[in-house]
Amino acid sequence: MPSIDKIENIVLILALYKDNYTLNVYLNFVGIPNDFRNNRINTMKVNIHQSWKPYLEKEFEKPYFKSLLGFVRDEYQAYSCFPPCNQIFAAFENCSFEEVKVVIIGQDPYHGKGQANGLCFSVNDGIKHPPSLVNIFKELETDIGKPYPKSGNLESWSKQGVLLLNATLTVRQGEAGSHQNKGWEIFTDSVIKTISDKKAKIVFLLWGGFAKKKAKLINENKHYILLCGHPSPLSANRGYWFGNKIFGKTNSLLEQDGQEPLLW
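What counts, and at which threshold
- Residues numbered from 1 in each chain as written.
- Predicted model: local features only at pLDDT ≥ 70, side-chain atom pairs only at ≥ 80, totals over all residues.
- Heavy atoms only, no water.
- 1 Å grid on protein atoms, 1.4 Å probe; cavity = no way out; pocket = protein on both sides within 12 Å on 5 of 7 lines; lining within 4 Å.
- Points joined across faces, edges and corners; volume = space filled by probe spheres on them.
- Nonpolar A, V, L, I, M, F, W, Y, C, P; charged D, E, K, R; others polar.
- Helix = DSSP H or I, 4+ residues; strand = E, 2+ residues; numbered from the N terminus.
- Buried < 20%, exposed > 50% of the residue type's maximum accessible area, 1.4 Å probe, protein only.
- Core = buried A, V, L, I, M, F, W, Y, C linked by side-chain atoms within 4.5 Å.
- Contact = heavy atoms within 4.5 Å.

Asks: Just give me the short version of the layout of surface pockets, but keep the residues and values in it.
Replies: Looking at the largest pocket, its volume works out to about 300 Å³. Tallied by class, the residues present in the lining of the largest pocket amount to nine nonpolar, eleven polar and one charged.

Asks: Any chance you could break down unusual backbone geometry for me, citing the residues and the numbers?
Replies: In this model, Phe82 is joined to Pro83 through a cis peptide bond whose omega is -5°. Note on placement: Pro83 falls in the loop between strand E1 (81–82) and helix H6 (90–94). Of note in the backbone geometry, Asn181 takes a positive phi value of approximately 60° without being a glycine. Position of Asn181 relative to the elements: it lies in the loop between strand E4 (171–172) and helix H9 (184–198). Although it is not a glycine, Lys201 sits at a positive phi angle of roughly 60°. Topologically, Lys201 is positioned in the loop between H9 and strand E5 (203–207). We classify Lys201 as partly exposed; its relative accessible area is 42%.

Asks: Let's hear about the nonpolar core: which residues, and what values?
Replies: Soluble globular proteins: nonpolar side chains tend toward being buried together. Phe92, Ile104 and Phe187 are the most contacted members of the largest nonpolar core, which has 68 residues in total. Ranked by residues supplied to this core, first place goes to helix H5 (residues 63–78) with seven residues. Not counting the four nearest positions on each side in its chain, Phe187 is found in contact with Leu56, Glu59, Phe60, Tyr64, Phe65, Phe89, Phe92 and Leu169.

This is the structure in structure tokens:
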């Protein structure tokens, strides 16, 4: 019988594809007790849209990713971490590979309780809007005339083909950057490069110095790269965010290529 650590890693990878049949067959084959299966494994289930499988499955088999899974498992068992396990890969669940037409790159999930929902810059319904999100909505008002929304949940963007991708997909409560340099950046860099290599005419929105460094992963001859300051108060109050009209420019590029504009 395989070690428990190995079983947990295999289960987490299988669960990424909602492959419950394969999951159950494997568990039954190795004779895992039902109480372990029901009480411990279910807390680690996460979801990714099936369309990503051909592009990401090799990444899941690499040593760094298996090490990353072990780190994330241990962190979630020992500490309060965000987002909830079933939302770690929400950016990939709500937006299929075929539907991606805009990519927004963030850095870390929000580390306050109840905030992060797996989509960069987004918060759950009913949660107070963090300062960066406030500035995003203010710019939307002046750019395209969209009224300031009640909810800060950006899931509707994701479902329209906006990949809201944080470079690091998890974080410990109250400790910004606590899950950096553990492997997430390797994975998300691979995602960005894969989109660049396999798709065309994607609009990449790179906000702030951290995101701008990802431009090297993108083929600028076949995609659009729109650069501007970060929406954080530190950047916005220095004149690097407001007035960039980034949302209107994005829709213009989409329409130019015969695609539907986004309902931001």
